[in-house]
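A closer look at the structure
Chain by chain, the residues run as shown.
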Amino acid sequence: MNFVNELTWRGMIHDMMPGTEEQLEKEMTTAYVGIDPTADSLHIGHLVGVMMLKHFQVAGHKPIVLVGGATGMIGDPSGKSQERNLLDEETLRHNQNCLKEQLAKFLDFSTEAENGAEMVNNYDWMKEFSFLEFIRDIGKHITVNYMMSKDSVKKRLDGSSKSGLSFTEFTYQLVQGTDFLHLYETKNCKLQMGGSDQWGNITTGTELIRRKLGGEAFALTCPLITKADGKKFGKTESGNVWLDPKRTSPYKFYQFWLNTSDEDAERYIKIFTLLPKEEIEKLVAEHQEAPHTRILQKTLAKEVTCMVHSEADYDAAVEASQILFGKGTEEQLRKLDEDTFLSVFEGVPQFPVDRKLFDEGVGVIDLLAEHTQVFPSKGELRRTIKGGGLSINKSKVAADDATVDAASLIGEKYLLVQKGKKNYFLIIAG
């Protein structure tokens, strides 16, 4: 596989330093991508860089993931309006271990092969640097004029930023450049990859290698992913879409991809899956003929959910979707774990009731029109039951003298009431 060709047709190259492709054709090359360790999970914004490394390893080259333990203590000014919070070493180490576990689903760290993936933490070499050593061994090679010319610096100095730019952040590009220099010297790493907002920081590294060692190193960036409407990719109303199932349930993760627009799905399926070109072209053609089937979104959601979580999680997410949007059964409902159940019915009106009601058994009419406000009146509730419009836990209520008890509760806590096809209510026993 030709790495540059592969990334080009997938729309994953923004800028590339001259000579990069020739270097990759000449020999097995080592490249790194830096990841911010400020959380113990990756989110889907990280996935573009991870997929670049995945393709890199598939193409026979060696990927390195650099966890920015030291740079995470400073804060990168690129695309940021203010400095980030600083982390202690114990938190950084914990986050690093969690990230490696997630990355192992994409990259082969275990192989004995020459191109086995590695993870490094720049804190391990930066912590030894004294300030005097840093300004002597690094600072003297890069001029202030050169550093000021970077977009990430200029944007923070043009007066539009209220917070300005601290000296700490100003020196960030030198710290990142030192990483590249260190990996060049110790791992023969000749390429750094990242998002297009990292171009200035990466090229500072190549310049440092050239000036200090007379060496040649390369840079390659991918476009920053946005949605078709211009909004930031990877954010929902509740925040980031995380890879950790405790932070974002597999159901919500699956739904994020399933709900992408046609235009976005066509771009994302190239970037976030490993499907070959011919298969993607076929899917795009099928989708254009019958957009209502949403084949692109369904394939995208399946591929990414299986890759990040598992096929079992994907199957459970599909089943959970059918419960909300399709027919679904009480048996399927009872199979859902609590997190998924609550994710599926997030935003549904909730009514807390005393657990004793269920322990003693309560009539449906009293429960829904007296103890809760699911129905405004008993008369309307009786008419709904008579017309076959009421279901409890996905089972039709046939008579208005029906009762529910503790055995009716899902997870010993929840009762799902459905009025008509689309109106859901959740009764919570406590």
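Residues numbered from 1 in each chain as written. Predicted model: local features only at pLDDT ≥ 70, side-chain atom pairs only at ≥ 80, totals over all residues. Heavy atoms only, no water.

Named according to an unreviewed UniProt entry, the chain is Tyrosine--tRNA ligase originating from Prolixibacter denitrificans. What UniProt records for the chain under Catalytic activity (unreviewed entry) is the sentence "tRNA(Tyr) + L-tyrosine + ATP = L-tyrosyl-tRNA(Tyr) + AMP + diphosphate + H(+)". Database annotation for the chain, UniProt heading Subunit (unreviewed entry): "Homodimer." (UniProt positions renumbered as here; feature names shortened; annotations may be inferred.)

1. Digging into the sheet that holds strand S11 (residues 390-392)
Taken in spatial order, the five strands line up as S9-S15-S14-S11-S12 in an open sheet, and their pairing is mixed. Edge strands, defined here as strands with exactly one partner in the open sheet, are strand S9 (350-353) and strand S12 (395-396). Sheet analysis places strand S14 (residues 414-419) next to strand S15 (residues 423-429), joined by six bridges and oriented antiparallel. Within S15, the residue paired with Lys419 across the bridge is Asn423. (Pairing = 2+ DSSP bridges. Helix = DSSP H or I, 4+ residues; strand = E, 2+ residues; numbered from the N terminus.)

2. With respect to the layout of surface pockets
Roughly 610 Å³ of internal volume is contained in the second largest pocket. Lining the second largest pocket are 22 residues; nearest its centre among them are Thr236, Lys252, Gln255, Phe256 and Asn259. When residues of the lining of the second largest pocket are traced back to their parent elements, those giving at least two are helix H12 (250-258), helix H16 (311-325) and helix H18 (338-344). Per-element accounting of the lining of the second largest pocket gives the leading share, four residues, to H12. A class-by-class count of the residues in the lining of the second largest pocket yields seven nonpolar, nine polar and six charged. (1 Å grid on protein atoms, 1.4 Å probe; cavity = no way out; pocket = protein on both sides within 12 Å on 5 of 7 lines; lining within 4 Å. Points joined across faces, edges and corners; volume = space filled by probe spheres on them. Nonpolar A, V, L, I, M, F, W, Y, C, P; charged D, E, K, R; others polar.)

3. Structural notes on the packing of aromatic side chains
Both the distance between ring centres and the angle between the ring planes are used here to describe each pair of aromatic rings. Evaluated as defined, the whole model comprises 17 aromatic pairs. With 5.2 Å between their ring centres and 55 degrees between their planes, Phe341 and Phe345 make a pair best called tilted. We note that Phe341, like Phe345, is buried. A centroid spacing of 6.4 Å and a plane angle of 35 degrees characterise the contact between Phe351 and Phe425, whose relative ring orientation is tilted. Taken together, the residues Phe351 in strand S9 and Phe425 in strand S15 connect sequence positions 74 residues apart. (Phe/Tyr/Trp six-rings, centres within 6.5 Å; stacked < 30°, edge-to-face > 60°. Buried < 20%, exposed > 50% of the residue type's maximum accessible area, 1.4 Å probe, protein only.)

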